[in-house]
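Geometric and topological summary
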Amino acid sequence: MNEPTSAPNRDHLAQRAERERRARKEAEKLLDEKSRALYAANKELESAHAAQKQTADQMRAVLESMPNGVVITGADRNIEYLNFVAQQMFGSTRSLASKQRLEHFLPQLESATPDGARGIAEAFDPVSTIAQRSDGTHFPVEVSAAVAGSQGQSTVWMVRDITNRTIQELRRKQLESQLSQAQRLESLGTMAGGIAHELNTPIQFVSDNTKFLSDAFRDLRSALAALQEQVGAEKAAATTAEFDLEYLNQEIPQAIAQSLDGLARIAEIVLAVKRFSHPVGSNKEDNDLNEIVRTAAMVSKNQWKCVADLDLDLASDLPRVRSNASELNQVLLNLIVNAAHAIEDAGGATRKGKIVVQTRAVSQGVEVRITDTGAGIAPEIKGRIFDLFFTTKAPGRGTGQGLSLVHTFVTKNHGGSIDVESEPGQGATFIVTLPAAGT
Ligand SMILES: Nc1ncnc2c1ncn2[C@@H]1O[C@H](COP(=O)(O)OP(=O)(O)OP(=O)(O)O)[C@@H](O)[C@H]1O
Ligand SMILES: [Mg+2]
């Protein structure tokens with residue numbers, strides 16, 4: 001049996017229980033306070049997170065609605081983000097692009113500034129370079145960049161497609177060049193026309209005089225023969241031999257005939273130059289295209305005669321063409337000179353080639369085909385030959401303006417069309433179609 005607890009012991013126990021109860025109460029109060037503080041902190045964190053999320057959503061919305069492409073890259077220029085416009089521009093998706101480096105879409109980035117791609121972030125103005133789509137096609141862009149992150153670990157790239165602007169600039173240059181070419185031709189034409197006009201009169205009287213000499217010599221020869229007969233063959237023989245009349249009798253008519261032939265050719269050239277120098281921009285007339293072809297073939301003879309023979313196959317039933325003769329002359333000249341160059345490139349200097357200019361009446365009007373046996377046109381450049389300044393020729397031999405001008409004259413100024421067929425190594429045919437007069 002337990003001994004009954006003594007009075008002092010009981011007091012001690014009661015005091016201890018009281019202390020413990022107070023301590024528990026204190027602890028409970030503290031716990032309550034801490035829980036409240038924690039709850040408040042948690043609430044604060046939650047609202048900070050919501051604010052941050054809202055800012056991030058706003059930023060994303062801004063980036064997605066930007067009219068320019070935005071690309072964010074990390075270290076080593078690995079792509080981390082691509083906005084909607086950039087995806088459209090490069091023909092890629094965010095997930096595909098995230099496996100690429102920026103150079104995949106901007107292959108010439110390193111050479112865009114003297115300081116490489118790094119220099120773009122420092123450049124004040126956007127830098128122009130060439131971008132590449134996923135399908136391998138290229139287009140011009142302007143790129144600017146900003147380094148982000150405290151250690152500069154990411155970069156934001158702004159990319160702007162400037163294809164339209166580039167096309168407009170090219171068009172402006174093309175117009176300027178056509179204008180200066182037209183002005184050049186006009187002044188050249190005026191000068192050539194003036195010279196041709198001045199040459200006309202002397203050619204006329206030299207021709208008339210030579211014809212007179214021809215007739216006069218015929219009479220003189222008859223008179224001489226009559227005199228020889230009267231004097232007698234023996235007496236006349238000494239004089240005939242002394243002045244070598246036999247020789248003169250034979251050579252003078254030949255010399256006169258050759259002179260007349262040369263004069264006829266000069267007259268023909270002067271006429272061609274006059275026709276050629278018909279002022280640019282003058283009103284259109286109903287022209288005979290066959291005549292224009294003949295003139296162009298003759299004026300360009302120097303260019304083709306050493307490398308090719310030129311055949312004209314001209315339709316006799318060709319309707320007239322409402323046209324500017326000077327411009328059509330330019331068209332024919334450029335196409336014939338190009339044909340001669342192509343033949344030269346195919347070795348025409350050692351083995352002569354052939355140029356055929358054919359005219360035909362067709363349902364759309366009139367068709368001219370210029371066919372050559374030259375080097376032909378490679379398929380990869382066929383789509384570019386009408387571009388201004390596109391040339392495969394060395395400087396001095398070609399400027400790449402011919403076909404561009406031909407295209408403008410035929411399509412814009414005459415409502416016609418121009419096409420080309422070519423078998424590389426076999427030659428090429430340029431087909432110009434023009435509407436007939438009155439259609
Ligand atoms: N008949 C042809 N055969 C083969 N290639 C041709 C022919 N005609 C034109 N080309 C090609 O098209 C390019 C462009 O021709 P275009 O007439 O515009 O310029 P170009 O002849 O080079 O110079 P330019 O005419 O200004 O003197 C040529 O450089 C050539 O490569
Ligand atoms: Mg040319």
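The structure contained in this document is the topic of the report that follows. Quantities reported herein were computed from a predicted structural model and do not represent experimental measurements.

Our next topic: the sheet that holds strand E1 (residues 69-73). The sheet built from 5 strands is open, its strands ordered E2-E1-E5-E4-E3 with antiparallel pairing. Each edge of the open sheet carries a strand with a single partner, namely strand E2 (79-82) and strand E3 (127-132). Here the strands of the sheet are splayed against their neighbours by 35 degrees on average, with no regard to which way each runs. Relative to strand E4 (residues 138-148), E3 runs antiparallel, the two being bridged by 6 bridges. Residue pairing for E4: glutamine 132 is matched across the bridge by histidine 138. Its contacts with the sheet put helix H1 (residues 7-65) on E1 and E2, and the angle it makes with E2 is roughly 75 degrees.

Moving on, we come to the sheet that holds strand E11 (residues 417-423). Spatially, E7-E9-E10-E12-E11 is the arrangement adopted by the 5 strands of the open sheet, whose pairing is mixed. One side of each edge strand has no neighbouring strand; the edge strands of this open sheet are strand E7 (308-314) and E11. The sheet shows a mean angle of 15 degrees between the axes of neighbouring strands, taken without regard to direction. Strands in contact with helix H12 (residues 402-413) are E11 and strand E12 (427-434); relative to E11, the strand with the most contacts, it is inclined by about 135 degrees.

The next subject is the pattern of salt bridges. Scanning the entire structure with this criterion turns up 24 salt bridges. Taking the shortest distance from any N to any O, the salt bridge between glutamate 18 and arginine 21 comes out at 2.7 Å. Here glutamate 18 pairs with arginine 21, and both are found in helix H1, just 3 residues apart, close to one helical turn. Among the ionic pairs, arginine 397 bridges to aspartate 345, the shortest N-O distance being 3.0 Å. On the criterion of sequence distance, the pair formed by arginine 397 in the loop between helix H11 (379-382) and H12 and aspartate 345 in helix H10 (residues 325-345) is long-range, its members being 52 residues apart. Given the relative accessible area of 29%, arginine 397 is considered partly exposed. Judged by its relative accessible area of 49%, aspartate 345 is partly exposed.

A few words on unusual backbone geometry. Although it is not a glycine, aspartate 76 sits at a positive phi angle of roughly 60 degrees. With respect to the element layout, aspartate 76 can be found in the loop between E1 and E2. In this model, arginine 77 sits at a positive phi of 55 degrees, which is unusual for a non-glycine residue. By secondary structure assignment, the location of arginine 77 is in the loop between E1 and E2.

Contacts to ligand 1 come from 18 residues, most closely from Asn338, Thr391, Thr392, Lys393 and Thr399. A distance of 2.5 Å is found between an oxygen atom of ligand 1 and a side-chain nitrogen or oxygen belonging to threonine 391. Residue leucine 403 places a main-chain N or O atom 2.8 Å away from an oxygen atom belonging to ligand 1. Ranked by residue count, the leading element in the shell around ligand 1 is H10, at 3 residues.

Among the nonpolar cores identified, the biggest contains 42 residues, and Leu289, Leu335, Ile355 and Phe430 are the most heavily contacted of them. Breaking this core down by element, the ones donating at least two residues are helix H8 (289-299), E7, H10, strand E9 (353-362), strand E10 (365-372), H12, E11 and E12. Per-element tally for this core: the top contributor is H10, with 10 residues. Setting aside anything within four residues of it in sequence, one finds isoleucine 355 in contact with Trp304, Ala308, Asp309, Leu310, Asp311, Ile336, Ala339, Ala340, Ile343, Ile370 and Thr371. Core analysis: the next-biggest nonpolar cluster, separate from the first, contains 22 residues, Phe90, Phe105, Val141 and Trp157 among them.

Reading the values: rules and limits
- Residues numbered from 1 in each chain as written.
- Chains lettered and ligands numbered in written order.
- Predicted model: local features only at pLDDT ≥ 70, side-chain atom pairs only at ≥ 80, totals over all residues.
- Heavy atoms only, no water.
- Pairing = 2+ DSSP bridges.
- Helix = DSSP H or I, 4+ residues; strand = E, 2+ residues; numbered from the N terminus.
- Axes fitted to C-alpha atoms, helices over the stretch in contact; angles between N-to-C directions.
- Contact = heavy atoms within 4.5 Å.
- Salt bridge = Lys/Arg side-chain N within 4 Å of Asp/Glu carboxyl O.
- Buried < 20%, exposed > 50% of the residue type's maximum accessible area, 1.4 Å probe, protein only.
- Near = heavy atom within 4 Å.
- Polar contact = N/O pair within 3.5 Å; in protein donor to acceptor, adjacent residues only side chain to side chain.
- Core = buried A, V, L, I, M, F, W, Y, C linked by side-chain atoms within 4.5 Å.

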